[in-house]
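Below, each chain spelled out in residue letters.
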Amino acid sequence: MCKPDLRVRLCGLEWKNPVATASGTFSARDSGKYYDFSRLGAITAKGLSAVPWQGNPAPRVAETWGGMLNAIGLENPGADRFIAEELPFVRDCIGNAGTRVIVNVAGHSVEEYCMAAEKLDAADVDMLELNISCPNIREGGIGFGTDPRMAAAVTSAVRKRVKKPLIVKLTPNVTDITEIARAAEAAGADALSLINTLTGMRIDVKRRAPVLANGSGGLSGPAVKPVAVLMVWRVARAVGIPIIGMGGIMCGEDAAEFLMAGASAVAVGTAALANPAAPAEILEELTAFMAENGFADVEALRNALR
Amino acid sequence: MSAGTRGWTAEKRLVFAKILSNAEIARTIYRMEFEIMDEDGNSYPAPAPGQFINVYLTGGRMLLPRPFSVCDSAAGRLTLVYGAVGAGTRALAGFAPGERIRVGPPAGNGFDVAAAGTAAGRGRIVLVGGGVGAAPLLLLARRIRETLDGGDAEISGGMTFGGAASATGVVSGVNATYAPPARSPALHAVLGYRSEPFLVSAFEKYCDQTDVATDDGASGFHGTAVDLLKEQTLTGGEFFFACGPRVMLRALARFAGGQGIPLQVSLEERMGCGYGACLGCACKVASPAEIQHRKVCKDGPVFNGSEVVWDV
């Protein structure tokens, strides 16, 4: 049993391992108290817009069987404050450990996406993740992710204005995700991440009202994993760019499942809410799984599906 | 926080706790005492009053941690008082002594005891609790006695703890007898319940006066805790601490605001992670800053009553 080589290459960048945090579930100052995130292949900062966003009123989260709904509404301090206050801390924690820094980019319009992306492109980050799949904001977000023409329009507009590798994060709330994936690839996406949350709703039958103040929200957690695995498997066969697979990864074998479906890397989201140190534990479990099952590297795992 | 991979140690970790007791103290209200298991030799921080802990249950319906304010704590033992109202709390009620649960470290910003000491002067500190909201006020009562009176406020008999942990985490083994009321400021608890009071005798050990109100008049004053408080004579120099249903806190904030009485409230909100990462538990505050939302789990759960935007 030898130590597997966990290194992967995405968009010309080497990651030391394929495990990342998913957007909206990681805070360097808070998550970093529970585990050393410089052990991960990459971390993803929560969605950032050109100007600060308030987000939605509470309640913003609701538990479901095997998952949770959220309607945070992309509350964020804006790209400028992130660059000034958060990013130096993230870089200081990572030091020379090589963990890649991905920033999730949000907007209400093509121009807003471009403005936020340009600010972040000029900062000390490694990759940009274009969030065209948030179900919880009124304009933008999922509106761009459910229409191939709009997905292509925002991708190509941002692509022209940034130099860094551009990941486009896709929503599962579509009839055929490969159509959107192909449109994003044709418009210049360097990689895809999927899936964002599935839209859902919970009703409090005693109050006779939706549990979430926003009415609806996005479903994540282990309940969505089979949906995510299938979508990764389909998209991997439809495009030539790498995929960061996510959706309900709770353990190392879940991560292996996504890699076997064709993802080049994986991201851990809701698991980090259920257990603050989950991303680091899942990396350890994936490493052990590969060693125990004779996978020399991630490529071997990716090619293993019969 | 160290840079890079070398020399990093976790500041916070989940630990196992062994349940010592878990009993119904009023209808659907449970009191659970547990002992932190010290397997790795790490010390568990002493919770400050108003702080909460996340309890990690397992299973398909209980993916997310459950936040509970700490009702009492001493020497690695914690007491929670909770209502069995949902899937998680009902599951918690089913745990037996000897079983283990996983818990996180004390979290959030608690009550500012020092502010009360300064502001109240020779006045009166009033703890206003609604239902299980009384729970964190008990630890607060104990700490206020320790802080303002100097020394250990625990009285002999009744309480199950061997020693009191101070706010700095130093454990004291001295059990001085506390003899109310000849202290200043006076400590007064006003506790509101639907029908059946609980924890009242525990409050009486620390408070100069403990008043009970019930919605149905079954015990004590017929009405809410805030109604009862309004009927009492203000002495000047009051300081309010409160925890309870949002409607109660809102009514109290209006009353305190009108009288110019400082008020700290402990808020409850549905949480995702419970440690500051997901922004699930938003509290709207009146602030000139661009973002008016604060995290209940990290910035709170205790806020100044005057800064909370109640009508959202």
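## Re the sheet that holds strand S14 (residues 216-220) of chain A
Residue and element names in this part refer to chain A.
- With respect to topology, four strands assemble into an open sheet ordered S5-S6-S14-S11, the strand pairing being antiparallel. Of all the strands in the sheet, just strand S5 (61-64) and strand S11 (198-201) have a single pairing partner and so form its edges. Across the sheet, the axes of successive neighbouring strands diverge by a mean angle of 40 degrees, strand direction being ignored.
- Sheet analysis places strand S6 (residues 67-70) next to S14, joined by three bridges and oriented antiparallel. Looking at the pairing, Asn70 lines up with Gly218 of S14.

## What to know about the packing of aromatic side chains
All names here are of chain B.
- Inspection of the entire model under this criterion finds ten aromatic pairs over all chains.
- Ring geometry for Phe111 against Phe241: centres 5.4 Å apart, planes inclined by 85 degrees, an arrangement best described as edge-to-face. Taken together, the positions of Phe111 in the loop between strand S7 (100-103) and helix H2 (113-120) and Phe241 in strand S14 (residues 238-243) put the pair 130 residues apart, joining distant regions of the chain. Of the two residues, Phe111 and Phe241, both sit in the buried class.
- Among the aromatic residues, ring-to-ring pairing joins Tyr30, Phe68 and Tyr82 into one connected group.
- For the cation-ring pair, Arg100 lies above Phe16, with the distance from its terminal atom to the ring centre recorded as 4.0 Å.

## With respect to the pairing of strand S4 (residues 42-48) of chain A
Residue and element names in this part refer to chain A.
- The buried fraction of S4 is high, at seven of seven residues.
- Relative to strand S7 (residues 100-105), S4 runs parallel, the two being bridged by five bridges. Looking at S7, one finds that Ala45 is bridged to Val103.

## Considering the environment of A:Ala300
- Along the chain, the position of A:Ala300 falls in helix H11 (residues 298-302).
- Along the backbone, A:Ala300 and A:Leu259 are 41 residues apart, and their C-alpha atoms lie at a distance of 9.6 Å.

## Regarding the packing of helix H5 (residues 148-161) of chain A against helix H6 (residues 177-186) of chain A
Residues and elements named next belong to chain A.
- The interhelical angle for the contact between H5 and H6, taken along N-to-C directions, is 25 degrees, at an axis separation of 8 Å. As the angle between them shows, H5 and H6 are arranged roughly parallel. Taken as a pair, H5 and H6 cross one another with a handedness that is right-handed. Touching Pro148, Ala151, Ala152 and Thr155 of H5 are Glu179, Ile180, Ala183 and Ala184, all from H6.

## Some remarks on the domain arrangement of chain B
Residues and elements named next belong to chain B.
- Along its sequence, chain B is organised into domain 1 (15-103) and domain 2 (113-270).
- The partner domain 2 presents 22 residues to the 23 residues of domain 1 that form the contact.
- Carbon and sulfur atoms supply 66% of the area buried between domain 1 and domain 2, which totals about 1,800 Å² over both sides.
- Looking only at domain 1, the three residues that lose the most surface to domain 2 are Pro49, Cys71 and Asp72, adding up to 29% of its buried area.
- Linking domain 1 with domain 2 are one salt bridge, by the criterion used here.
- Linking Arg142 and Asp72 is a salt bridge whose minimum nitrogen-to-oxygen distance equals 3.5 Å.

## Here's the deal with the layout of surface pockets
- Here the second largest pocket defines a volume of roughly 710 Å³.
- Lining of the second largest pocket is provided by 28 residues; of these, A:Pro77, A:Arg81, A:Glu86, B:Leu279 and B:Lys295 occupy positions nearest its centre.
- Elements that contribute at least two residues to the lining of the second largest pocket include exactly helix H1 (28-31), S4 and helix H2 (79-94) of chain A together with strand S17 (293-295) of chain B.
- Split into classes, the residues belonging to the lining of the second largest pocket amount to twelve nonpolar, five polar and eleven charged.

## Examining a negative patch on the surface
Residue and element names in this part refer to chain A.
- The grouping of Glu253, Glu281, Glu285 and Glu292 at the surface amounts to a negative patch.
- The leading source of residues in the negative patch is helix H10 (residues 278-292), at three residues.
- Among the secondary structure elements, Glu253 is positioned in helix H8 (residues 252-261).

## What to know about the interface of chain B and chain A
- Facing the 39 residues of chain B at the interface are 49 residues of chain A.
- For the chain B and chain A pair, buried surface summed over both sides reaches about 3,600 Å², with 60% attributable to carbon and sulfur atoms.
- Here chain B and chain A share two salt bridges between them.
- Salt-bridge contacts for A:Asp30 lead to B:Lys298; the nearest nitrogen and oxygen are separated by 2.9 Å.

Scoring rules and cut-offs
- Positions within a chain are numbered from 1, following the residues in the order the chain's sequence is written.
- Each chain gets a letter, beginning with A, and each ligand a number, beginning with 1, in the order they are written.
- Local features are withheld for residues below a pLDDT of 70 in this predicted model, meaning they are given only at 70 or higher, and side-chain atom pairs are given and counted only at 80 or more; totals for whole chains, interfaces and linings count all residues.
- Only hydrogens and water are set aside; all other atoms, that is, all heavy atoms of the structure, feed into the side-chain values.
- DSSP-based pairing: two strands are paired if at least 2 bridges between them are found.
- Helix and strand labels come from DSSP, where a helix needs a run of H or I of at least four residues and a strand needs a run of E of at least two; each type is numbered from the N terminus.
- Think of each axis as a best-fit line through the C-alpha atoms, taken over the contacting stretch in the case of a helix, with angles from 0 to 180 degrees between the N-to-C directions.
- Any pair of Phe, Tyr and Trp rings, taking the six-membered ring for Trp, is counted once the centres come within 6.5 Å. Such a pair is stacked with planes under 30 degrees apart, edge-to-face with planes over 60 apart, and tilted for the rest.
- Only protein chains enter the calculation, and the probe is 1.4 Å; a residue is then buried if its accessible area is under 20% of its type maximum, exposed if over 50%, and partly exposed in between.
- Look at NZ for Lys and CZ for Arg. If either is within 6 Å of the ring centre and within 35 degrees of the ring normal, a charge sits over the ring.
- These descriptions rest on fixed angle ranges, namely under 35 degrees for roughly parallel, over 145 for roughly antiparallel, 65 to 115 for roughly perpendicular, and the rest for oblique.
- Crossing handedness is defined as follows: a turn of the near helix away from the far one that is anticlockwise and smaller than a right angle gives a left-handed crossing, while the clockwise case is right-handed.
- Contacts are residue-level and defined by heavy atoms, with any inter-residue pair within 4.5 Å sufficient.
- Each domain's extent is set by a domain assignment, obtained either automatically or from a database.
- Two parts placed together each lose some accessible area under a 1.4 Å probe, and the buried area is that loss summed for both.
- Salt-bridge detection follows one rule: a side-chain nitrogen of Lys or Arg within 4 Å of a carboxyl oxygen of Asp or Glu.
- The rule is simple: put a 1 Å grid over the protein atoms alone, call a set of points where a 1.4 Å probe fits but cannot get out a cavity, call an open set with protein on both sides within 12 Å along at least five of seven lines a pocket, and count a residue as lining if it has an atom within 4 Å of a point.
- Grid points are joined across faces, edges and corners, and a volume is the space filled by probe spheres set on the points.
- As a working rule, the residues Ala, Val, Leu, Ile, Met, Phe, Trp, Tyr, Cys and Pro are called nonpolar, Asp, Glu, Lys and Arg charged, and the rest polar, with Gly in that last group.
- Like charges are joined within 9 Å and nonpolar side chains (Val, Leu, Ile, Met, Phe, Trp, Tyr) within 5 Å, but only among residues with over 30% relative accessible area and no salt bridge; these make up the patches.
- The protein chains shown are the only cover counted for residues, whose accessible areas, like all others here, come from Shrake-Rupley with a 1.4 Å probe.
- A residue counts as positive if it is Lys or Arg and as negative if it is Asp or Glu; His and the chain ends are not included.
- Where a charge lies is defined by one atom per residue type, namely NZ (Lys), CZ (Arg), CG (Asp) and CD (Glu).

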